[in-house]
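Take a look at the letters that make up each chain.
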Amino acid sequence: MSEPQAHLLVVDDDERIRSLLQKFLIRNGFLVSSARDAAQARRLLDGLEFDLIVLDVMMPGEDGVSLTRALREDLATPILLLTARGETSHRIEGLEAGADDYLAKPFEPKELLLRINAILRRVPSARPELGPKVLHLGDVRYDLERGELWRGTEPVRLTATEAALMRIFAAQPGEAVSRERLVGDLGRDEGQSQERAVDVQITRLRRKIEVDPRQPRYLQTVRGSGYMLAPD
């Protein structure tokens, strides 16, 4: 049996771009719904489940960053932001709000396709073959088999990128992982901007793990080496 098609939601106020993206992604094997603004996107999200959201930042009314921040309160669906070229502040703000990746306009459709596929590959949880099944991080525990983070009896929602980072760190607890390797394992292009994006995701992840994210006990910075998960 073939794998089910991933269902994408494209949100952009530009009808021409929205239509072109929808046709391109359908040709490449996806189911695609589209919305012209945040309000229409919310209505679709209330009734349907999506595997990934492609979201324009600059929209009238509620912009893409604000919508990302609101959705992250109860939705873990991966989000790829489309930003204006050179708007570094928008990209960083979007990542801090919970986006998994960004792509600057104008872009090649092939690059969008590569980024979408890279994000979707991060979503399934890996099943480790050796080692403990649960890592304890103070009041938080990480289930390696399920790829889930729990605080007591409450699940901690992770974005696709945060879940991917946890799998990378949990595969080698107590060992530093370089920023360069994290960029590569997350399927991103090399460069300082991507390393900065990883730093932002680490900051967000620390907020979900640490008692005091400013003085991390479990997701530590190892000077000159990268980051390390140090479970109890």
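Each chain has its residues counted from 1, following the order in which its sequence is written. Selection of residues for local features in this predicted model requires a pLDDT of at least 70, selection of side-chain atom pairs for listing and counting requires 80 or more, and totals for whole chains, interfaces and linings are taken over all residues. The basis for the side-chain values is all heavy atoms of the structure; hydrogens and waters are excluded.

## Points about the overall build of the protein chain
Reasoning step 1: A run of H or I in DSSP becomes a helix once it reaches four residues, and a run of E becomes a strand once it reaches two; helices and strands are each numbered from the N terminus. The secondary structure content of the protein chain amounts to eight helices and eleven strands.
Reasoning step 2: Our radius of gyration looks at C-alpha atoms and nothing else; its globule reference is 2.2 Å times the residue count to the power 0.38. A globule of 232 residues ought to have a C-alpha radius of gyration of about 17 Å, and the protein chain, at 18 Å, matches this closely.
Reasoning step 3: Here the C-alpha coordinates of the protein chain stretch approximately 50 × 40 × 30 Å along the principal axes.
Reasoning step 4: A fraction of 57% describes how many contacts in the protein chain between residues 6 or more apart in sequence connect residues 24 or more apart.
Reasoning step 5: Throughout, the Shrake-Rupley method with a 1.4 Å probe supplies accessible areas, and for residues the shown protein chains are the sole cover considered. For the protein chain, the accessible area works out to roughly 12,200 Å², and carbon and sulfur atoms hold 48% of it.
Reasoning step 6: The charge count treats Lys and Arg as positive and Asp and Glu as negative. His and the chain ends do not count. For the purpose of locating charges, the reference atoms are NZ of Lys, CZ of Arg, CG of Asp and CD of Glu. A distance of 1 Å separates the average location of the 34 positive side-chain charges in the protein chain from that of its 38 negative side-chain charges. Between two residues, a contact is recorded if the distance between any of their heavy atoms is within 4.5 Å.

## A closer look at helix α1 (residues 15-27)
Reasoning step 1: Look at α1: 18 Å from first C-alpha to last across 13 residues, which is about the 18 Å you get at 1.5 Å a residue.
Reasoning step 2: Of the residues making up α1, those classed as buried are Ile 17, Arg 18, Leu 21, Phe 24 and Leu 25. Taken around the axis of α1, the buried residues stretch over an arc of 140 degrees, which confines them to a single face. Across from the buried face of α1, at angles greater than 90 degrees, the exposed residues are Glu 15, Arg 16, Lys 23 and Arg 27.
Reasoning step 3: Between the side-chain oxygen of the N-cap and the backbone nitrogen of Arg 16 there are 3.0 Å, and the N-cap of α1 in question is Asp 14. To estimate how far a helix should extend, the number of its residues minus one is multiplied by 1.5 Å. A simple rule labels every residue: compare its accessible area, found with a 1.4 Å probe on the protein chains alone, to the largest value its type can have, and call it buried under 20%, exposed over 50%, or partly exposed in between. The reported arc concerns the directions from the helix axis to the C-beta atoms and nothing else. Under the rule applied, a polar contact is a pair of N or O atoms within 3.5 Å (in protein, one hydrogen donor and one hydrogen acceptor; residues adjacent in sequence only if both atoms are side-chain atoms).

## Overview of the domain arrangement of the protein chain
Interfaces are often described in size by the accessible area the parts lose on coming together.
Reasoning step 1: Marked domain ranges trace back to an automatic or database domain assignment. Each domain of the protein chain was delimited in the assignment, giving domain 1 (5-120) and domain 2 (132-227).
Reasoning step 2: Distance from the C-alpha centre of domain 1 to the C-alpha centre of domain 2: 24 Å.
Reasoning step 3: In this complex, domain 1 contributes 19 residues to the contact, which on the side of domain 2 involves 16 residues.
Reasoning step 4: The term buried area means the drop in 1.4 Å probe accessible area that two parts suffer when joined, counted for both and summed. Its largest share of buried area at the contact with domain 2, domain 1 owes to Leu 95, Glu 96 and Asp 100, together 35% of the area lost on that side.
Reasoning step 5: Salt bridges are counted wherever a side-chain nitrogen of Lys or Arg sits within 4 Å of a carboxyl oxygen of Asp or Glu. Where domain 1 meets domain 2, there are zero salt bridges.
Reasoning step 6: Counting the contacts that link domain 1 with domain 2 gives five residue pairs in polar contact (both at pLDDT 80 or more).
Reasoning step 7: Broken down by secondary-structure element, the contributors of at least two residues to the side of domain 1 that touches domain 2 are α4 (88-97), β5 (101-105) and α5 (109-122).
Reasoning step 8: Asp, Glu, Lys and Arg are counted as charged, while Ala, Val, Leu, Ile, Met, Phe, Trp, Tyr, Cys and Pro are counted as nonpolar; the rest, among them Gly, fall into the polar class. Split by residue class, the side of domain 1 that touches domain 2 holds ten nonpolar, one polar and eight charged.

## Details of unusual backbone geometry
Reasoning step 1: The step from Lys 105 to Pro 106 runs through a cis peptide bond, and the omega angle for that step is -10 degrees.
Reasoning step 2: Mapped onto the elements of the fold, Pro 106 is located in the loop between β5 and α5.

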